[in-house]
Amino acid sequence: MSKLRLIGKRAIITAAAQGIGRASALAMANEGAKVFATDVNAEALAGLAHENIETFVLDVRDADSVKDGVAKVNPDILFNCAGFVHHGTALDATDAEWDFAFDLNVRSMWRMMQAALPGMLERGGGSIVNMSSACSSIIGAPNRFIYGTTKAAVIGMTKSVAVDYITKGIRCNCICPGTVESPSLEERLHALGKQVGGYEEAKKQFVARQPMGRIATADEIAALVVYLASDESGFTTGQPHIIDGGWSG
């Protein structure tokens, strides 16, 4: 596989301070892209050091922050990674949780795409990668009512953008991971552990649903993000790319 697959490209990544966003920022930078790694957590971004990475604070829930951030970058690549996982069933869900989840998990991606698309159209091309999940319209997961609903919406949104701009040189895909090692997963494991008899029991339950018998690494997901961002995937658009260790298989 060729090196520097993203040389000459400008990429903007949301939620880049940790987890998949952070791993993807580093992976894209290593492939030659000029990466603009953004997050609401300025302190966490400070530790993301690479000669090809510039960091700044961007709040995907704030329209002005989105417009200013995207205008600063004028990206060829957009990776929408920001999101939140709510726990619970349809009976547990509240209006406030529903509204927050759709604003962060879905609407923020629309904000970012709406800001980035004009520049991509002007240049005649671009690649958008959205963060969905295997827990979506692909497969259901227990106690993930709100999360699974929002991630199904991301798949539909991705397909819509892809078909609208397919003749304009712009591709839009989404990735659908299973369980991935990340600080946010650790938080969920500790929270679940209080209900099921400890952290180790909680982790055992998460691992049990992965046929490979392990949880994915953020770097494994980042490799797919790089591929979809690169010209190597030039004939791929409108697709949910499942990377879940066989969970949905």
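This write-up is about the structure you can find in this document. (Residues numbered from 1 in each chain as written. Predicted model: local features only at pLDDT ≥ 70, side-chain atom pairs only at ≥ 80, totals over all residues. Heavy atoms only, no water.)

## Quick word on the packing of helix α3 (residues 63–73) against helix α4 (residues 95–123)
With their axes 9 Å apart at the nearest point, α3 and α4 run at an angle of 35 degrees to one another. When you trace α3 past α4, the crossing you get is right-handed. The segment α3 lies against α4, with A63, V66 and V70 engaging R111, M112, A115 and A116. Along the lines of polarity and charge, the residues of the contact of α3 with α4 split into six nonpolar, no polar and one charged. (Axes fitted to C-alpha atoms, helices over the stretch in contact; angles between N-to-C directions. Helix = DSSP H or I, 4+ residues; strand = E, 2+ residues; numbered from the N terminus. Left-handed = near helix turned anticlockwise from the far one by under 90°. Contact = heavy atoms within 4.5 Å. Nonpolar A, V, L, I, M, F, W, Y, C, P; charged D, E, K, R; others polar.)

## With respect to α3
For α3, the full list of buried residues reads V66, G69, V70 and V73. Seen from one end, α3 has its buried residues packed into an arc of 95 degrees, which puts them on one side. In α3, the exposed positions that point more than 90 degrees away from the buried face belong to D64, K67, D68 and A71. Against β1 (10–13), β2 (34–39), β3 (53–57) and α4 lie the buried residues of α3. For α3, the capping residue at the N-terminal end is D62, with a side-chain oxygen 3.2 Å from the backbone nitrogen of D64. Among the residues trailing α3, N74 stands out with phi positive, at a value near 50 degrees. (Buried < 20%, exposed > 50% of the residue type's maximum accessible area, 1.4 Å probe, protein only. Arc of directions from axis to C-beta. Polar contact = N/O pair within 3.5 Å; in protein donor to acceptor, adjacent residues only side chain to side chain.)

## Section: the side chain of D244
As for its position among the elements, D244 is in the segment after β7 (240–243). Look at D244 and you get buried, because its relative accessible area is 7%. Of note is the side chain of D244, whose polar atom sits 3.1 Å from the backbone nitrogen of G246. Discounting chain neighbours no more than four positions away, the residues touching D244 are A134, C176, P177, G178 and Q210.

## Considering the sheet that holds β7
Across the sheet, seven strands lie side by side as β3-β2-β1-β4-β5-β6-β7; this open sheet has parallel pairing. Both edges of this open sheet fall to β3 and β7, since each of them pairs with a single strand only. Here the strands of the sheet are splayed against their neighbours by 20 degrees on average, with no regard to which way each runs. Pairing between strand β6 (residues 170–177) and β7: four bridges, direction parallel. Paired with C176 across the two strands is I242, which belongs to β7. Across the sheet, helix α8 (residues 218–229) lies against β4 (77–80), β5 (126–131), β6 and β7, angled at about 165 degrees from β6, the strand it touches most. (Pairing = 2+ DSSP bridges.)

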